[in-house]
Structures are given as C-alpha cells and as structure tokens.
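Close look at the chain arrangement
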Amino acid sequence: ETGVTQTPRHLVMGMTNKKSLKCEQHLGHNAMYWYKQSAKKPLELMFVYSLEERVENNSVPSRFSPECPNSSHLFLHLHTLQPEDSALYLCASSLSQFMYEQFFGPGTRLTVL
Amino acid sequence: AQSVSQHNHHVILSEAASLELGCNYSYGGTVNLFWYVQYPGQHLQLLLKYFSGDPLVKGIKGFEAEFIKSKFSFNLRKPSVQWSDTAEYFCAVRREYGNKLVFGAGTILRVKS
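Residues numbered from 1 in each chain as written. Chains lettered and ligands numbered in written order. Predicted model: local features only at pLDDT ≥ 70, side-chain atom pairs only at ≥ 80, totals over all residues. Heavy atoms only, no water.

1. With respect to the overall build of chain B
Of the regular secondary structure elements, chain B holds zero helices and 12 strands. Put simply, chain B runs from its N terminus to its C terminus through helices and strands in the order β-β-β-β-β-β-β-β-β-β-β-β. Whereas a compact globule of 113 residues would reach a radius of gyration of roughly 13 Å, chain B reaches 13 Å, a difference of no more than 12%. Structurally, chain B occupies a C-alpha span of about 40 × 25 × 20 Å along its principal axes. A buried classification covers 47% of the 113 residues belonging to chain B. Within chain B, counting contacts between residues at least 6 apart in sequence, those at least 24 apart form 55% of the total. (Helix = DSSP H or I, 4+ residues; strand = E, 2+ residues; numbered from the N terminus. Rg over C-alpha atoms; globule rule 2.2 N^0.38 Å. Buried < 20%, exposed > 50% of the residue type's maximum accessible area, 1.4 Å probe, protein only. Contact = heavy atoms within 4.5 Å.)

2. Quick word on the interface of chain A and chain B
With 20 residues of chain A in contact, the opposing surface of chain B contributes 18 residues. For the pair chain A and chain B, the summed buried surface comes to about 1800 Å²; carbon and sulfur atoms form 55% of the total. Interface area lost by chain A to chain B is led by Met99, Glu101 and Phe104 of chain A, which between them contribute 32%. Counting every contact that joins chain A to chain B gives two salt bridges. Residues Lys49 of chain B and Glu101 of chain A are paired through a salt bridge, measuring 2.9 Å at the closest nitrogen-oxygen approach. Joining chain A to chain B, the criterion identifies six residue pairs in polar contact (both at pLDDT 80 or more). Taken together, the elements giving at least two residues each to the side of chain A that touches chain B come down to strand S4 (31–37), strand S5 (44–50) and strand S6 (53–57) of chain A. It is S4 of chain A that provides the largest number of residues to the side of chain A that touches chain B, a total of three residues. Classifying every residue of the side of chain A that touches chain B gives 13 nonpolar, five polar and two charged. (Buried area = accessible area lost by both parts, 1.4 Å probe. Salt bridge = Lys/Arg side-chain N within 4 Å of Asp/Glu carboxyl O. Polar contact = N/O pair within 3.5 Å; in protein donor to acceptor, adjacent residues only side chain to side chain. Nonpolar A, V, L, I, M, F, W, Y, C, P; charged D, E, K, R; others polar.)

3. Things to note about the environment of Phe72 of chain B
Residue and element names in this part refer to chain B. Tracing the sequence through the fold places Phe72 in the loop between strand S8 (64–68) and strand S9 (73–78). Given a relative accessible area of 34%, Phe72 falls into the partly exposed group. In the structure, Phe72 is positioned 29 residues away from Leu101 in sequence and 16 Å away in space, judged by C-alpha atoms. When near neighbours in sequence (up to four residues on either side) are disregarded, Phe72 contacts Cys23, Asn24, Tyr25, Tyr27 and Gly28.

Put into structure tokens, the structure is as follows:
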C-alpha cells in the first residue's frame, strides 16, 4: 500500500470512551502531522513530529494525546472528548518538517456523542 | 500570527469558463505557498507549490498560480474548467524554514456541465 493511510475511517464514541486513531505512511518520510478539519473552519494544525520527537503542540487540549513510536506510525489517543471535538482528523507526512510539501491521508471522521 | 484568506467560499462556473481563486496571506517574510485540492470523497492532494524562482508556477491538470509578493497574493487560475474540476480548493502558506502550514478556509468550486 502506498501513501498515507488512516484507520478507522469513521469513529463514533461517547464522552467517557477512550479510543485511538492510527496513521501510517509508506513514503519514507521523517515528519508527521495531525490536523483537525471542522465544518466551515480552516484546517488546524494540532501536532508536528519530526524523527519521532514532538516538535509542535499547537495549544491542543490534553484530552488529545499523540504518540509516534517510529517514523512510519503516528497515533492520536482520545479520552473524555467533548461533542465539539467532532471533526475530520487528518494525518499528513513530509520528507522533513521544513522545505517539503505534505502528503495527506483520507482522514478519520470522528463523532462524539 | 499568520493567516490566509480565500475570498470566495463557493464558486459556480459553467464548463469552459475561466477560473481564478483568490488567496492572500498576512506574513511579511519569505514564504512557501501551496494550493491543495480535495475532490469529492478523496483526500487532499497537492496541485502546485511555490518555493522560489519564477512567480508563475504550473501545476497538475492545467492549473497555474501566480505569486505577487507586493500584494501578498497567490491566486489560482485555470483558463478553461471541466466538470471534473468540481472540488474544494485550499490555499496554504508556510514561513520559509518553518514547520507550520497555515490553511485558508477553502473554496468550493462547482462546475456545471
């Protein structure tokens, strides 16, 4: 499989649940990103990882917890979310965090009840 | 903080009409500029990018964009649109050597056949 993949594609969870989103890139890239895409709002950067180290946390609440075990995988752990967290969560990767374009996955559509 | 403005949220054109989508950004320093496209049911794909050099850049599928530094603009153009160009178009800006990609709110283009 090529490119950036994300699982699950759809997720419905209650406010007390704990779930995780997974992203995998097959491009040999060293930087990975989480974005949030809400209706009628611009894409918002959440986290940046470079060489498995978190280099940016864009003021994201602690109920979102990222993890990057290696340069090919990125997780977003979710717990005690709010209904306003319902959105499309996009993962992206790039060759490095600087100077290169980002390649995006298809996203996980999250609904918090 | 950087911001990106896309002037039109919805554009409706007939096939063969010319297209110009506006994009302006607020950062005064050197920037990298991108246009991404999201076709219905698909993920974000890079249309074209500008890092340096000729301010008129050619992308895929007959799209081009012109960087006008004095106007802080990077407008997307296509001389003759097709029904298959129906999609949402996103302008994005990043400071040179920065790692944060800032997106505009997107423009939904509908091409009538």
